[in-house]
Amino acid sequence: MDLGNSLAFLVFPYIALTIFTIGHLLRYLTDRYNWNSRSSEFLEKKQLFFGSTIFHWGIILTFLGHFGGLLVPQSFLDMVGINGQMHTAIAHLSGLVVGSGALIGLGILLYRRTSVLRIKLTTSWNDFVTLGGLIFVVGAGLYNVFFGDFYVLDTVAPWIRGIITFTPDPTLMQSVPWSYKIHILSALTLLAFSPFSRLVHIWSAPAGYFARGWILFRRKVVE
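Here goes a summary of the coordinates provided.

About the criteria used
Residues numbered from 1 in each chain as written. Predicted model: local features only at pLDDT ≥ 70, side-chain atom pairs only at ≥ 80, totals over all residues. Heavy atoms only, no water. Buried < 20%, exposed > 50% of the residue type's maximum accessible area, 1.4 Å probe, protein only. Helix = DSSP H or I, 4+ residues; strand = E, 2+ residues; numbered from the N terminus. Contact = heavy atoms within 4.5 Å. Core = buried A, V, L, I, M, F, W, Y, C linked by side-chain atoms within 4.5 Å. Salt bridge = Lys/Arg side-chain N within 4 Å of Asp/Glu carboxyl O. Expected span 1.5 Å × (residues − 1). Bend = angle between axes of the 7 residues up to and from the residue. Polar contact = N/O pair within 3.5 Å; in protein donor to acceptor, adjacent residues only side chain to side chain.

### Quick look at helix α7 (residues 156-164)
For step 1, the next point in the chain: Of all the positions in α7, only V156, A157, W159, G162 and I163 are classed as buried.
For step 2, the next point in the chain: Looking at the buried residues of α7, the elements they touch are α1 (3-30), α2 (46-71) and α8 (178-193).
For step 3, the next point in the chain: Of the residues flanking the end of α7, it is F166, one or two places downstream, whose phi is positive at about 60°.

### Let's talk about the environment of S6
For step 1, the next point in the chain: Along the polypeptide, S6 turns up in helix α1.
For step 2, the next point in the chain: For the pair formed by S6 and M173, sequence separation is 167 residues and the distance between their alpha carbons is 9.2 Å.

### Regarding the nonpolar core
For step 1, the next point in the chain: Among the nonpolar cores identified, the biggest contains 16 residues, and F9, V152, V156, W159, M173, V176 and I184 are the most heavily contacted of them.
For step 2, the next point in the chain: Elements supplying a minimum of two residues to this core: α1, α7 and α8.

### What about unusual backbone geometry?
For step 1, the next point in the chain: In this model, F166 sits at a positive phi of 60°, which is unusual for a non-glycine residue.
For step 2, the next point in the chain: With respect to the helices and strands, F166 occurs in the loop between α7 and α8.
For step 3, the next point in the chain: Overall, the relative accessible area of 65% leaves F166 in the exposed class.

### Description of the pattern of salt bridges
For step 1, the next point in the chain: Applying the stated criterion to the full structure yields 3 salt bridges.
For step 2, the next point in the chain: Two residues, R198 and D127, come together in a salt bridge whose shortest N-O distance is 3.0 Å. Of this pair, R198 sits in the segment after α8 while D127 is found in helix α6 (residues 125-147), placing the two residues 71 residues apart along the sequence. Both residues of the pair, R198 and D127, belong to the buried class.

### A closer look at helix α4 (residues 84-115)
For step 1, the next point in the chain: With 32 residues, α4 ought to run about 46 Å at 1.5 Å a step, and its terminal C-alpha atoms sit 45 Å apart, in line with that.
For step 2, the next point in the chain: Where α4 bends most, the angle comes to about 25°, and this point is G95.
For step 3, the next point in the chain: Turning to α4, its buried residues number three or more, namely G84, H87, G95, V98, G99, G101, A102, G105, L106, L109, R112 and R113.
For step 4, the next point in the chain: Packing partners of the buried residues in α4 comprise α2, α3 (74-79), α5 (117-121) and α6.
For step 5, the next point in the chain: At the N-terminal end of α4, a side-chain oxygen is found 3.2 Å from the backbone nitrogen of Q85, two or three residues along, and the residue is N83.

### A short note on the side chain of Q74
For step 1, the next point in the chain: Within the secondary structure, Q74 is located in helix α3.
For step 2, the next point in the chain: Overall, Q74 belongs to the buried group, its relative accessible area being 14%.
For step 3, the next point in the chain: A distance of 2.7 Å separates polar atoms of two side chains, one belonging to Q74 and the other to H87.

Here it is as structure tokens:
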């Protein structure tokens, strides 16, 4: 077995996921007051609204697409009439749309960080590394959508499921093109970096908003 392949797709994923898990937990316990996205909305709103909205919808849908497309075994989809070819076509089309949206949103946010003086002065190197990492990961994924033509359902997909079930088989990744490997390894690197960045706010998404009770406003009638 190739040593480099084993280190990259057997050892490194668990290192990255361990840092991700422990890092976020320690960050929450020791640095709770900085557990936010450090919004700069009060300095500039218009570009933030468009960039952030497009990016967040794009990245959330991209994540859901990866989750459903790679973690659900193809055998289950075959039972509901979605064969591998159809699955791949759906993944490419949806990836093109939502991935492009995420990259466009990131482009707007990066432009905002570098063109608006008040934002630029309050931007740290960590912010630029975070944005750069996101752009690289999303861009690498889009590159594979546009130029890649590799069937991942027999290689990447079962490898990812193996990582989750602690039964990884790095040999599945030996035949995968380098553009796909770069996308995967850069995504794992970003996960490992996330506890040390503003990306911690992913756990503070207001998901409970959709399940909360209605707020009723009544006008007081003065007699």
